[in-house]
Amino acid sequence: MTTTEIDNMPWMDESISAQGMSSDDMLSTVDDTGWDASAQLSAGWSLGGNSIPKAAIAEVTSQLAIMTRSGVDVATALGSLARQCKRPALAEVLSEVHESVMSGSPLSNALREHPEVFEATFVATVAAGEASGKMSEVLKQLADVQRGEIRSRRTLRALMTYPILLFAVSASVLLALVMFVLPRFSQIFEEYELVLPFVTEALLMVASELRSRWWLWIPLAGSLLAGLLVWRRTKGGRRTLDSLWLKMTVISGVYRSQLIGRVCRMFGMMLESGVPLLEVLRLTKVAMQNVHYHELVEEMEDAVLNGRSLGSILETTDIVPESAREMLMTAENTGNLGEVTYLLGAYYEEDTEARMRQVVGLLEPLITIGMGALVAIVVLAVMLPVFDLSTIANR
């Protein structure tokens, strides 16, 4: 296949192929990548960095799989992709990777030079694919994981759009009633010296305080929000919030399924690609943001280092579903851990989406009822004195 033919392919935006690599080189690359990844903890579970959209990285990976299967020369493909790429940042990265590959570096080493784009798990999996000679299969699995993550985020965003809009509109109506409508009626109530209900007096006091000293309450609210954001980044704050997410009755099911799904999918993908178990655990530990799951993976790593099984740790934890624990321990005993964890990851990703839909379906009527009740209270606070005023007028 010539350079001109590759350039004329309409579906080519970005792509990379692979070069051969010995097992020792692969292990060295995986180990180096695992320790370099500690600087990327803020990136969470995404396989792509923040400077380039995740969708673009997923597209790159998909095209990598196609090109490696079709036998396109690495240097030729990278040169064409760098020229065709519409994103300047990604085009620059592809050009640098192309130059590294042209100089004789393995693809994994070239990718490792760009940790802001390709995370440690990505590079380690590519390195394993180079060593095993299964680059196209490995890249396809990487693309599936990336697309699954993007699909999950888009599904959550789509499901939460209506509840958020509903809450925002209801809150705006409520604020307008309290801040602007109710104070106008208060002047009428004062003229007739009416004895106001407690609800009316309380809302009038709140409205008067907010209107007269907004210069105090707005900065105070902003400072409180900033303080919460700073606290969330502290060790104690992260632990508290992570525990809260795992214990909330409605949310915990979705959160646990999401974490288990991502852990298992990445775990299975790397094991199936040939990454050693100890390196898989190291990379997974670095990538985990939830404190409790980070500690769980750390305990599993210590168990492997000390010659114990993963099951010895899984059977004592309560943050992994019982059914998943049983399947993982059985898979470890049968030597089929990679395939089982990959299938478990796919199952829990689907389960997460189903649970998301159930939670959103529950939130919508709750928000409607709750905000409707608050609006009704404000309306009653206005109308009750009006009824008293009508009684005085009839006399």
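What this report covers is the structure whose coordinates are included nearby.

Broken down by element type, the chain carries 17 helices and 0 strands. Within the chain, the proportion of its 395 residues that are buried is 47%. Counting only contacts in the chain whose residues sit at least 6 apart along the sequence, the fraction spanning at least 24 positions is 74%. Entry remark: accessible area of the chain is about 20600 Å², with carbon and sulfur atoms responsible for 59%.

A few words now on the side chain of Gln 141. By the secondary structure assignment, Gln 141 is in helix α8 (residues 135-191). Non-local contacts of Gln 141, meaning those with residues more than four positions away in its chain, are made with Met 269, Glu 272, Ser 273 and Tyr 342.

Our next topic: the pattern of salt bridges. On inspection of all chains with the given rule, the structure shows 11 salt bridges. The partner of Glu 349 in a salt bridge is Arg 265, with the nearest N and O atoms 2.8 Å apart. With Glu 349 in helix α17 (residues 337-394) and Arg 265 in helix α12 (residues 251-273), this pair connects stretches of sequence that are 84 residues apart. Note on Arg 265: relative accessible area 9%, which makes it buried. Between Glu 301 and Arg 282 there is a salt bridge whose closest N-O contact spans 3.5 Å. Of this pair, Glu 301 sits in helix α14 (residues 291-305) while Arg 282 sits in helix α13 (residues 277-287), and the two are 19 residues apart along the sequence. Neither residue differs from the other here; Glu 301 and Arg 282 are each classed as buried. Here the salt bridges share partners, and the residues they tie into one network are Glu 279, Arg 282, Lys 285 and Glu 301.

The end-to-end C-alpha separation of helix α5 (residues 88-102) is 21 Å, in line with the 21 Å expected for 15 residues at 1.5 Å each. Residues of α5 that are buried: Leu 90, Ala 91, Val 93, Leu 94, Val 97, His 98, Ser 100 and Val 101.

We now examine the packing of helix α3 (residues 54-70) against α8. Remark: α3 packs on α8, axes separated minimally by 8 Å, with the N-to-C direction vectors making an angle of 155°. Relative to α8, α3 is oriented roughly antiparallel. Considering the relative orientation of α3 and α8, their crossing is left-handed. Contacts between α3 and α8 involve Lys 54, Ala 55, Ile 57, Ala 58, Thr 61, Ser 62, Leu 64, Ala 65, Thr 68 and Arg 69 on the former and, on the latter, Met 135, Ser 136, Leu 139, Lys 140, Leu 142, Ala 143, Gln 146, Arg 147, Glu 149, Ile 150, Arg 153 and Arg 154. A class-by-class count of the residues in the contact of α3 with α8 yields 10 nonpolar, 5 polar and 7 charged.

Right, let's get into a nonpolar patch on the surface. Taken together, the side chains of Val 206, Leu 210, Trp 214, Trp 215, Leu 216, Trp 217, Ile 218 and Leu 220 present a nonpolar region at the surface, about 790 Å² in accessible area. Residue assignment for the nonpolar patch shows that the elements contributing at least two residues are α9 (198-212) and α10 (214-233). A per-element tally of the nonpolar patch places α10 first, with 6 residues. Along the chain, Trp 215 falls in helix α10.

This part is about the environment of Leu 94. Relative to the helices and strands, Leu 94 is located in helix α5. Overall, the relative accessible area of 1% leaves Leu 94 in the buried class. The sequence separation of Leu 94 and Leu 111 amounts to 17 residues, and the corresponding C-alpha distance is 9.2 Å.

The rules behind these values
- Residues numbered from 1 in each chain as written.
- Predicted model: local features only at pLDDT ≥ 70, side-chain atom pairs only at ≥ 80, totals over all residues.
- Heavy atoms only, no water.
- Helix = DSSP H or I, 4+ residues; strand = E, 2+ residues; numbered from the N terminus.
- Buried < 20%, exposed > 50% of the residue type's maximum accessible area, 1.4 Å probe, protein only.
- Contact = heavy atoms within 4.5 Å.
- Areas by Shrake-Rupley, 256 points an atom, 1.4 Å probe, with all protein chains shown as cover.
- Salt bridge = Lys/Arg side-chain N within 4 Å of Asp/Glu carboxyl O.
- Expected span 1.5 Å × (residues − 1).
- Axes fitted to C-alpha atoms, helices over the stretch in contact; angles between N-to-C directions.
- Parallel < 35°, antiparallel > 145°, perpendicular 65-115°, else oblique.
- Left-handed = near helix turned anticlockwise from the far one by under 90°.
- Nonpolar A, V, L, I, M, F, W, Y, C, P; charged D, E, K, R; others polar.
- Patch = residues over 30% accessible without salt bridge, like charges linked within 9 Å, V, L, I, M, F, W, Y side chains within 5 Å.

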